[in-house]
Amino acid sequence: MTLALPIDPEANRLLERSPLALLLGMVLDQQVPMEKAFSSPYVLAQRLGRDLDARELADHDPEALVGLFARPPALHRFPKAMAARVQEVCRVLVDRYDGEAARLWSDATDGRELLRRIGDLPGFGRQKAQIFVALLGKRFGVAPEGWQEAAGGYGDPDAHRSVADVTDADSLRRVREYKQQMKAAAKAKTAGA
């Protein structure tokens, strides 16, 4: 089972075949709709004119990369910050994983190590790391021992909390409803404080 977002079919296929595209989609998945975040790696590849490569992105001229992110339609709401974040993540991949995004998870001995490795990436807090562990486990079969526990509630097979749970239009609707409930609860908590 893989990801099934309502985006360009070619963008979905890129996420399926490119571990780097999948990881970068998760990097970009903040303060924009998940469809925007996970389709942006495909648009970036189109703008580069070739497949995504961690070494190339790590070494890319920072201003030129910002230009690729900012060109309309922008790849993210915050193109400058997210171009820098993508470059930082790619540098970590080059330094620690020989530029291979898949090595981030293929070499992990268990769920705790997988969560730690992902959480060590720039811009990945605990929640984002847990969501990515769940995405890898639920949609891509990356299931080292203890991955569901490492993913926390996002690893629950019946959850509808994140991109890891999107398989069709109904599951996307349920994930959106969950996120709206969480935002409303946070807003009510802030208002009551």
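What comes next is a walk through the structure.

So, how was this worked out
- Residues numbered from 1 in each chain as written.
- Predicted model: local features only at pLDDT ≥ 70, side-chain atom pairs only at ≥ 80, totals over all residues.
- Heavy atoms only, no water.
- Helix = DSSP H or I, 4+ residues; strand = E, 2+ residues; numbered from the N terminus.
- Buried < 20%, exposed > 50% of the residue type's maximum accessible area, 1.4 Å probe, protein only.
- Polar contact = N/O pair within 3.5 Å; in protein donor to acceptor, adjacent residues only side chain to side chain.
- Contact = heavy atoms within 4.5 Å.
- 1 Å grid on protein atoms, 1.4 Å probe; cavity = no way out; pocket = protein on both sides within 12 Å on 5 of 7 lines; lining within 4 Å.
- Points joined across faces, edges and corners; volume = space filled by probe spheres on them.
- Nonpolar A, V, L, I, M, F, W, Y, C, P; charged D, E, K, R; others polar.
- Phe/Tyr/Trp six-rings, centres within 6.5 Å; stacked < 30°, edge-to-face > 60°.
- Lys NZ or Arg CZ within 6 Å of the ring centre and 35° of its normal.
- Axes fitted to C-alpha atoms, helices over the stretch in contact; angles between N-to-C directions.
- Parallel < 35°, antiparallel > 145°, perpendicular 65-115°, else oblique.
- Left-handed = near helix turned anticlockwise from the far one by under 90°.

## Observations regarding the side chain of D165
Thinking step 1. Note on placement: D165 falls in the loop between α10 (147-150) and α11 (169-192).
Thinking step 2. A relative accessible area of 3% means that D165 is categorised as buried.
Thinking step 3. There is a polar contact of 2.9 Å between the side chain of D165 and the backbone nitrogen of R161.
Thinking step 4. Here D165 is in contact with K138, R139, Y154, A159, H160, S171 and V175, once residues within four sequence places are set aside.

## Overview of the layout of surface pockets
Thinking step 1. In this structure, the largest pocket occupies an estimated 650 Å³ of space.
Thinking step 2. The set of elements that each furnish at least two residues to the lining of the largest pocket consists of α3 (34-48), α9 (126-140) and α11.
Thinking step 3. Here the lining of the largest pocket takes six residues from α11, the largest share from any one element.
Thinking step 4. Taken together, the residues that form the lining of the largest pocket break down as nine nonpolar, five polar and seven charged.
Thinking step 5. Roughly 230 Å³ of volume is contained in the second largest pocket.
Thinking step 6. Along its surface, the second largest pocket is lined by 15 residues, and L20, L52, D53, G99 and E100 are the ones closest to its centre.
Thinking step 7. Here the lining of the second largest pocket is composed, by residue class, of seven nonpolar, two polar and six charged.

## Section: the environment of L52
Thinking step 1. Relative to the helices and strands, L52 is located in the loop between α3 and α4 (54-59).
Thinking step 2. As for L52 and Q180, which are separated by 128 residues in sequence, their C-alpha atoms are 33 Å apart.
Thinking step 3. Here L52 is in contact with L20, A21, L24, P41, L44, A45 and L57, once residues within four sequence places are set aside.

## Some words on the packing of aromatic side chains
Thinking step 1. Taken as a whole, this structure holds two aromatic pairs when the rule is applied.
Thinking step 2. Summarising the aromatic geometry, the rings of W105 and F132 are spaced 5.8 Å apart at their centres and angled 65 degrees between planes, so their arrangement reads as edge-to-face. With a gap of 27 residues between them, W105 in helix α7 (residues 103-106) and F132 in helix α9 connect regions that are remote in the sequence.
Thinking step 3. Judged by centre distance (6.4 Å) and plane angle (65 degrees), the ring pair of F124 and F132 falls under edge-to-face.
Thinking step 4. Taking the relative accessible area as the measure of exposure, F124 reaches 6% and is therefore buried.
Thinking step 5. One aromatic cluster is present, formed by W105, F124 and F132 through successive ring pairs.
Thinking step 6. Taking NZ or CZ as reference, K128 lies 5.5 Å from the ring centre of F124, over its face.

## Observations concerning helix α8 (residues 111-119)
Thinking step 1. Listed in full, the buried residues belonging to α8 are G111, E113, L114, L115, R117 and I118.
Thinking step 2. In this structure, the buried side of α8 is in contact with α6 (79-97), α7, α9 and α10.
Thinking step 3. N-capping of α8 is provided by D110, with a side-chain oxygen placed 3.2 Å from the backbone N of R112.

## Regarding the packing of helix α2 (residues 19-28) against α6
Thinking step 1. Packing of α2 against α6 brings their axes to within 10 Å, and their N-to-C directions diverge by 135 degrees. Looking at the two axes, α2 sits oblique to α6. In this structure, the crossing between α2 and α6 has a hand that is right-handed. Between α2 and α6, the residues in contact are L20, L23, L24, V27 and L28 and M82, R85, V86, V89, C90 and L93, respectively.
Thinking step 2. When the residues that make up the contact of α2 with α6 are grouped by side-chain class, the tally is ten nonpolar, no polar and one charged.

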